[in-house]
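Residues per chain, in single letters:
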Amino acid sequence: MTTEEIENLRKVRMGEVLEEQLKEDANFVQAQKEWRAAVNEFDALVPMTKKQWLAFDNVESIFLNYSVAYGEAAYRLGFSDGIQIGMEQKFDERKSFLTVEDMTRLISVYDAVSQLKQLLLGDADEQGEENGLFHVFEEIFNIIREASSSKIRFLGEDAIDKIVFILNDETMKPEERAKKLLALD
């Protein structure tokens with residue numbers, strides 16, 4: 001993984017994804033409550049002039065920027081450590097619950113459904129009935145999306161575009177696209 005890919009992953013994972021995780025983390029929620037209580041207690045006990053409050057706000061803002069930089073550095077180090085541990089333990093190179101053969105079969109079915117939709121409806125992107133036959137076939141995309149490598153899935157909103165781009169690349173055979181989606185290329 002390149003430094004640019006790691007930075008992109010950090011940016012995506014440190015945003016809303018992290019916020020959602022923190023809402024579920026009891027230790028974080030408790031620490032946040034304690035921090036807010038301490039700020040309120042400080043505010044009630046320490047009378048300050050407007051100039052003092054501006055100075056305090058400046059210190060707090062600088063500290064928050066420092067904390068963000070610290071968290072980002074910790075994320076990069078943890079990610080790097082995880083890669084190192086994975087390499088040392090020589091995991092079996094499978095990044096998905098699907099084999100290349102399974103993913104290749106799914107891509108072949110995906111291609112067939114796209115061609116069928118194009119033939120019958122004139123547009124492979126045409127949306128059919130919610131419970132219709134095409135909708136059932138389109139669930140194949142959801143399986144492919146979930147089975148794609150973390151390197152792709154962690155792109156956030158860009159992940160679906162990347163997966164669709166790979167799936168619709170007619171210059172590659174299904175097996176080549178499968179390897180690309182499983183990050184085995």
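Each residue is numbered by its place in its chain's sequence as written, counting from 1. Restriction of local features to residues with pLDDT of at least 70 applies here, the model being predicted, together with a cutoff of 80 or more for giving and counting side-chain atom pairs; totals for whole chains, interfaces and linings are based on all residues. The basis for every side-chain value is the complete set of non-hydrogen atoms in the structure, without hydrogens or water.

Asker: Explanation requested: a negative patch on the surface in the structure shown.
Answerer: A patch consists of residues whose relative accessible area exceeds 30% and which take part in no salt bridge; residues with like charges are grouped when within 9 Å of each other, and nonpolar side chains (Val, Leu, Ile, Met, Phe, Trp, Tyr) when within 5 Å. Computed with the Shrake-Rupley method and a 1.4 Å probe, the accessible areas treat only the protein chains shown as cover for residues. By definition, a salt bridge exists where a carboxyl oxygen of Asp or Glu is found within 4 Å of a side-chain nitrogen of Lys or Arg. Positive: Lys, Arg. Negative: Asp, Glu. His and the chain ends are not part of the count. Note on charges: their place is set at NZ of Lys, CZ of Arg, CG of Asp or CD of Glu. Together, Glu 16, Glu 19, Glu 157, Asp 158 and Asp 161 make up a region of like negative charge exposed at the surface. Under the DSSP-based scheme used, a helix requires at least four consecutive residues in state H or I and a strand at least two consecutive residues in state E, with every element numbered from the N terminus. Residue assignment for the negative patch shows that the elements contributing at least two residues are α1 (3–24) and α7 (158–167). By the secondary structure assignment, Glu 16 is in helix α1.

Asker: Would you explain the nonpolar core in this entry?
Answerer: Soluble globular proteins tend to pack their nonpolar side chains together in the buried interior. The criterion is simple. A nonpolar core is a set of buried Ala, Val, Leu, Ile, Met, Phe, Trp, Tyr and Cys residues joined through side-chain atoms within 4.5 Å. Per-residue accessibility, obtained with a 1.4 Å probe over protein chains only, is compared with the maximum for each type, and a residue is labelled buried under 20%, exposed over 50%, and partly exposed between these values. Ranked by size, the top nonpolar core spans 18 residues in total, and within it Met 103, Ile 107, Tyr 110, Ile 144, Ile 163, Leu 167 and Leu 181 carry the most contacts. Of all the secondary-structure elements, those providing two or more residues to this core are α4 (100–121), α5 (133–147), α7 and α8 (174–181). At 5 residues, α4 tops the list of elements feeding residues into this core.

Asker: Mind showing me how you'd approach the confidence of the model for the protein chain here?
Answerer: Low-pLDDT stretches of the model should not have their predicted coordinates read in fine detail. The predictor attaches a confidence to each residue, called pLDDT, with possible values from 0 through 100. Per-residue pLDDT for the protein chain averages 80, and the proportion of residues at 70 or more is 84%. Considering each helix and strand of the protein chain separately, the mean pLDDT is smallest for α1, with a value of 77, and largest for helix α2 (residues 26–45), with 90.

Asker: Honestly, the packing of α4 against α8 in this entry has me stumped. Any pointers?
Answerer: When two helices pack together, you describe them by how their axes are tilted relative to each other and by the distance separating the axes. The N-to-C vectors of α4 and α8 enclose an angle of 120°; their axes lie 8 Å apart at closest approach. Judged on the interaxial angle alone, α8 and α4 are oblique. With respect to the hand of their crossing, α4 and α8 are arranged in right-handed fashion. Contacts between α4 and α8 pair Val 100, Met 103, Thr 104, Ile 107, Ser 108 and Asp 111 from the former with Pro 174, Glu 175, Arg 177, Ala 178, Lys 179 and Leu 181 from the latter. Residue polarity is assigned by list, with Asp, Glu, Lys and Arg as charged and Ala, Val, Leu, Ile, Met, Phe, Trp, Tyr, Cys and Pro as nonpolar; anything else, Gly included, falls into the polar class. Per-class residue counts for the contact of α4 with α8 are 6 nonpolar, 2 polar and 4 charged. Note on method: axes are straight lines fitted to C-alpha atoms, helices fitted across the in-contact stretch only, with angles between N-to-C directions ranging 0 to 180 degrees. We call two directions roughly parallel when the angle between them is under 35 degrees, roughly antiparallel when it is over 145, roughly perpendicular when it lies between 65 and 115, and oblique otherwise. Each crossing gets its handedness from the near helix: less than a right angle anticlockwise from the far helix is left-handed, clockwise is right-handed. Throughout, a contact is declared for two residues whenever any of their heavy atoms are within 4.5 Å.

Asker: I keep staring at α8 and nothing clicks. Help me out?
Answerer: For the α-helix, the turn length of 3.6 residues means that residues three or four positions removed from each other point alike. Within α8, the full set of buried residues consists of Arg 177, Ala 178 and Leu 181. End-on, the buried residues of α8 take up no more than an arc of 105°, which puts them together on one face. Following α8 by one or two positions, Ala 183 adopts a phi angle in the positive range, close to 60°. Note that the arc is computed from the directions linking the helix axis to the C-beta atoms.

Asker: Which parts of the structure should I look at to understand a nonpolar patch on the surface?
Answerer: Together, Phe 63, Leu 64, Tyr 66 and Tyr 70 make up an exposed nonpolar region whose accessible area comes to about 480 Å². With respect to the element layout, Tyr 70 can be found in helix α3 (residues 50–88).

Asker: Just checking my understanding: could you explain the side chain of Ser 148 for this structure?
Answerer: Counting through the fold element by element, Ser 148 comes out in the loop between α5 and α6 (150–153). Contacts described as polar in this section are N or O atom pairs within 3.5 Å, which, within protein, must combine one atom able to donate a hydrogen with one able to accept it, while residues neighboring in sequence count only if both atoms come from side chains. Separated by 2.8 Å, the side chain of Ser 148 and the backbone oxygen of Ile 144 make a polar contact.

Asker: Please explain the pattern of salt bridges as it appears in this structure.
Answerer: Here the idea is simple: oppositely charged side chains can pair when their charged atoms come close. Taken as a whole and judged by the stated rule, the model has 5 salt bridges. Of the charged contacts in the structure, one is a salt bridge between Arg 105 and Asp 102, with a shortest N-O distance of 3.2 Å. Here Asp 102 and Arg 105 lie together in helix α4, a separation of 3 residues that amounts to about one turn. In this structure Arg 105 comes out as exposed when scored by relative accessible area, which is 54%. With a relative accessible area of 28%, Asp 102 lands in the partly exposed category. Here Asp 111 ties to Arg 177 by a salt bridge, and the two come within 2.6 Å at their closest N and O atoms. Of the two residues, Asp 111 sits in helix α4 while Arg 177 sits in helix α8, which places them 66 residues apart along the sequence.

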